[in-house]
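Letter by letter, the chains look like this.
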Amino acid sequence: MASGNELNVSFLITWKKVLSSKINFFFFFGFLLLLGYIWQKDSFASSFKFFLLLFPYLFLLLSQDMIKDELESGCLENVLFLEGKFKSYLLRKNLFLSFIACLCVFTIFCVFSICGIISGEFSSLYIYQFSIGILVGLYYISLGGLLSFYFKGGSNVLIVILGQLLMFIGMLFYAAQNSRFVEYLDRGVFPDALSQLKLMAFIIVFPNIVISKKFFVYSVEIALLGVLAIGLQKIKTKRLELSQK
Amino acid sequence: MTEKMLTATGLCKRYGRIIAVTDATFSVLKGGITTFLGENGAGKTTIIKIILGFLKSDSGRVQMRAARIGYVPEHPVFFGWLNGKDILSYTARAHGIGHSALRDLVETFSEKIAFDLELLSRNVRTYSLGNKKKFSFLQSLIIDPDFFIVDEPFNSLDPHSIKKVRDLFLEMKREGKTLFLSSHIISEVEKISDDFIIIKKGRILLQENLNIFKDRFIYVEIKDSSLKLEELRTISPYVKGNDSELVMLMEKSRLESMEDLLKTVSCVKKHDLDLEKVFLFFTE
């Protein structure tokens, strides 16, 4: 199989899968409705900020049933994936899902930007925040992909969201005893190494925080974590086999 | 027909504590039909998956000289979100086959394997088992493979389709293609096989040319014999059973010289050899 054709076919299979998922459509259009509602009830700026903070979740959503389901279903035992090509197909899904997610969020961003420019409410900061949001989204796909080696269906996505929920609940209890870290988060200033380490751990679970201007510098950590997740996926993929059930 | 399409040397594969394949060495000759015979769980599918790169062997190596490989698994499964047309179109695209050529190929091969073209617009998951199998054949056939590997080719097929598939295999052979079949339906594969390989508990027991083997050996059943197993082993390496009931594959060329000896035995039955007898002899 020629390399270009191989890419084409892998993309088409992934694209059709995304299009055929009702959950994807439900969340995508639900998200659009929510943005419209906030714009209507509050303001354009609130709606845009809400979009910038939450759009990385669309990337996370697309990473559901990325690996394990297909691996165990038997559909990779096909003439299209002979000589280990199923491995490159699975790894490439990171790229294709990222592309599809970028396409969706970029379209929404363009609509927001045009409206913002017309109404004079557009700020160049939004472009930076959008770029960092994309980085967070890419991290979510690489993390979701890594988790989907172990978890079937959408449980990889649920685990990430559950992790975030638990962290926020934990923070509520923690803040009642020691509010300093919450204050640091609010100010965006972390004076000592310990609090900086805590923030870095916080970012692993809730990377969306770096979309806030105060934490731009920590986007490097997100990039490194994304690369790490892809590296681990590559190692896992290399060892993959289509075992008999 | 002595050029080899595939040579497997010393393949070993374990699943945890279970040894699936041990030191499997065999070859598949170019332009012929080689059949892989073994009981359930003998290691046939594992070896096929190693050959195709779906599994890694723990040791050993596979050398293949195929330009395009076709593969039909025992139980074909397809992506649940694609219909038949999508899958064929992607397969064609992956192999540089244009739209009009694909249409012609699909029509030609659908007829050859009795596949209903109207099914193509439906999701493949909704096909019956037999149609899934035929669709898997179709998917491989459109790429014009020079090496075609089929795991249980006749499973889930009706007798009409079995005949069609058998004829297709013979046609492919006439075109110089190499086929490697793994099957339980010995009566069917016997009609088309050139070579056969018998595997038991992950070990290759025998690889022979079917016609040569059948011409060379005769199947002999001996009951209530005064002859001992050890005595008969000096006559043929292929002897098994106990002292009261023995079976052996005896070389026809030695039969005449053994007549006197066999006369001392009260009950001797001689049969022409067929693939089922060979298979049962080596695997029972």
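The rules we used
- Residues numbered from 1 in each chain as written.
- Chains lettered and ligands numbered in written order.
- Predicted model: local features only at pLDDT ≥ 70, side-chain atom pairs only at ≥ 80, totals over all residues.
- Heavy atoms only, no water.
- Helix = DSSP H or I, 4+ residues; strand = E, 2+ residues; numbered from the N terminus.
- Rg over C-alpha atoms; globule rule 2.2 N^0.38 Å.
- Buried < 20%, exposed > 50% of the residue type's maximum accessible area, 1.4 Å probe, protein only.
- Contact = heavy atoms within 4.5 Å.
- Areas by Shrake-Rupley, 256 points an atom, 1.4 Å probe, with all protein chains shown as cover.
- Salt bridge = Lys/Arg side-chain N within 4 Å of Asp/Glu carboxyl O.
- Buried area = accessible area lost by both parts, 1.4 Å probe.
- Polar contact = N/O pair within 3.5 Å; in protein donor to acceptor, adjacent residues only side chain to side chain.
- Domains from an automatic or database assignment.
- Nonpolar A, V, L, I, M, F, W, Y, C, P; charged D, E, K, R; others polar.
- pLDDT = per-residue confidence, 0-100.
- Pairing = 2+ DSSP bridges.
- Axes fitted to C-alpha atoms, helices over the stretch in contact; angles between N-to-C directions.
- Expected span 1.5 Å × (residues − 1).
- Bend = angle between axes of the 7 residues up to and from the residue.
- Core = buried A, V, L, I, M, F, W, Y, C linked by side-chain atoms within 4.5 Å.

**Section: the overall build of chain A**
Moving on, step 1. Helix and strand counts for chain A stand at eleven helices and zero strands.
Moving on, step 2. Along chain A, from the amino end to the carboxyl end, the secondary structure elements read α-α-α-α-α-α-α-α-α-α-α.
Moving on, step 3. The C-alpha atoms of chain A give 20 Å as radius of gyration, which agrees with the globular expectation for 245 residues (18 Å, within 12%).
Moving on, step 4. Based on the C-alpha atoms only, the size of chain A along its principal axes is roughly 55 × 45 × 25 Å.
Moving on, step 5. The buried share of chain A, taken over its 245 residues, is 46%.
Moving on, step 6. Sequence separation of 24 or more characterises 75% of the internal contacts of chain A that already satisfy a separation of 6 or more.
Moving on, step 7. Accessible surface, chain A as shown: approximately 12200 Å² in total, 70% of it carbon and sulfur.

**Thoughts on the pattern of salt bridges**
Should the charged atoms of two oppositely charged side chains come close, the side chains can pair.
Moving on, step 1. Summed over all chains, the structure comprises 21 salt bridges over all chains.
Moving on, step 2. Two residues, Lys17(A) and Asp65(A), come together in a salt bridge whose shortest N-O distance is 2.8 Å. With Lys17(A) in helix α1 (residues 3-20) and Asp65(A) in the loop between α4 (56-62) and α5 (68-73), this pair connects stretches of sequence that are 48 residues apart.
Moving on, step 3. The salt bridge involving Arg166(B) is made with Glu188(B); its shortest N-O contact spans 2.5 Å. One end of the pair, Arg166(B), is in helix α5 (residues 159-174); the other, Glu188(B), is in helix α6 (residues 186-190), and 22 residues separate them in sequence.
Moving on, step 4. On the basis of relative accessible area, Arg166(B) is assigned to the buried category, the value being 15%.
Moving on, step 5. Beyond isolated ion pairs, a larger network of salt bridges with shared partners links Lys17(A), Asp65(A), Glu70(A) and Lys93(A).

**Considering the side chain of Ser27(B)**
Residue and element names in this part refer to chain B.
Moving on, step 1. Among the structural elements, Ser27 can be located in strand β2 (residues 18-29).
Moving on, step 2. Ser27 sits in the buried class, given a relative accessible area of 13%.
Moving on, step 3. What Ser27 contacts, discounting residues up to four positions off in sequence, is Lys4, Leu6, Thr7, Ile197 and Gln207.

**Section: the interface of chain B and chain A**
Moving on, step 1. Residue-level contacts link 28 residues of chain B with 32 residues of chain A.
Moving on, step 2. For the pair chain B and chain A, the two sides together bury roughly 2700 Å², of which 61% comes from carbon and sulfur.
Moving on, step 3. Looking only at chain B, the three residues that lose the most surface to chain A are Phe54(B), Phe79(B) and Trp81(B), adding up to 27% of its buried area.
Moving on, step 4. Put simply, Asp86(B) and Lys16(A) hold a salt bridge, and the shortest N to O gap is 3.4 Å.
Moving on, step 5. In this assembly, chain B and chain A are joined by twelve residue pairs in polar contact (both at pLDDT 80 or more).
Moving on, step 6. Going through the elements one at a time, β1 (4-15), α1 (44-52), β5 (69-72), α2 (84-94) and α4 (129-141) of chain B are the ones with two or more residues in the side of chain B that touches chain A.

**A closer look at the domain arrangement of chain B**
Residues and elements named next belong to chain B.
Moving on, step 1. Segmenting chain B into domains produces domain 1 (4-211) and domain 2 (216-283).
Moving on, step 2. Computed from C-alpha atoms alone, the centre-to-centre distance between domain 1 and domain 2 is 36 Å.
Moving on, step 3. With 13 residues of domain 1 in contact, the opposing surface of domain 2 contributes eight residues.
Moving on, step 4. The tally of links from domain 1 across to domain 2 stands at zero salt bridges.
Moving on, step 5. Linking domain 1 with domain 2 are two residue pairs in polar contact (both at pLDDT 80 or more).
Moving on, step 6. Put simply, the parts of the chain that give the side of domain 1 that touches domain 2 at least two residues each are β3 (33-38), α6, β8 (195-200) and β9 (203-209).
Moving on, step 7. The element best represented in the side of domain 1 that touches domain 2 is β8, accounting for four residues.
Moving on, step 8. The class makeup of the residues in the side of domain 1 that touches domain 2 is nine nonpolar, one polar and three charged.

**Some points on the confidence of the model for chain B**
Reading predicted coordinates in detail is not appropriate for stretches of low pLDDT.
Moving on, step 1. On average, residues of chain B score 90 in pLDDT, and 97% of them reach the 70 mark or higher.
Moving on, step 2. Overall fold confidence for the complex sits at a pTM of 0.88, while the interface term, ipTM, reaches 0.86.

**Concerning the sheet that holds strand β4 (residues 59-64) of chain B**
Residue and element names in this part refer to chain B.
Moving on, step 1. Taken in spatial order, the three strands of this open sheet run β2-β1-β4, and their pairing is antiparallel. Both edges of this open sheet fall to β2 and β4, since each of them pairs with a single strand only. Averaged over all pairs of adjacent strands, the angle between strand axes in this sheet comes to 15°, irrespective of strand direction.
Moving on, step 2. Direction of pairing for β1 relative to β4: antiparallel, over a ladder of five bridges. If you follow Cys12 over to β4, its bridge partner there is Ser59.

**What about the sheet that holds strand β13 (residues 267-272) of chain B?**
Residue and element names in this part refer to chain B.
Moving on, step 1. Spatially, β11-β12-β10-β13 is the arrangement adopted by the four strands of the open sheet, whose pairing is antiparallel. Every interior strand has two partners, whereas the edge strands, β11 (238-241) and β13, have only one. Between one strand and the next, the sheet's axes are offset by a mean angle of 20°, whatever the strand orientation.
Moving on, step 2. When β11 meets strand β12 (residues 245-251), the two strands line up antiparallel, connected through four bridges. By the bridge assignment for β12, Tyr238 is matched with Leu249.

**Examining helix α6 (residues 85-119) of chain A**
All names here are of chain A.
Moving on, step 1. Relative to the 51 Å expected for 35 residues at 1.5 Å per residue, α6 spans 51 Å between its end C-alpha atoms, a close match to the ideal helical length.
Moving on, step 2. Along α6, the helix axis deviates most sharply at Arg92, where the bend reaches about 30°.
Moving on, step 3. In the segment just after α6, Gly120 is the residue with positive phi, at about 75°.

**With respect to the nonpolar core**
Here is a general trend for soluble globular proteins: nonpolar side chains tend to be buried in one another's company.
Moving on, step 1. Among the nonpolar cores identified, the biggest contains 150 residues, and Ile13(A), Phe51(A), Phe135(B), Phe169(B), Phe180(B) and Phe213(B) are the most heavily contacted of them.
Moving on, step 2. No fewer than three residues from each of domain 1 (4-211) and domain 2 (216-283) of chain B sit in this core.
Moving on, step 3. Once you skip the residues sitting within four places of it in the chain, Phe180(B) turns out to touch Phe26(B), Val28(B), Thr34(B), Phe36(B), Ile48(B), Ile51(B), Phe147(B), Phe148(B), Ile149(B), Val150(B) and Ile197(B).

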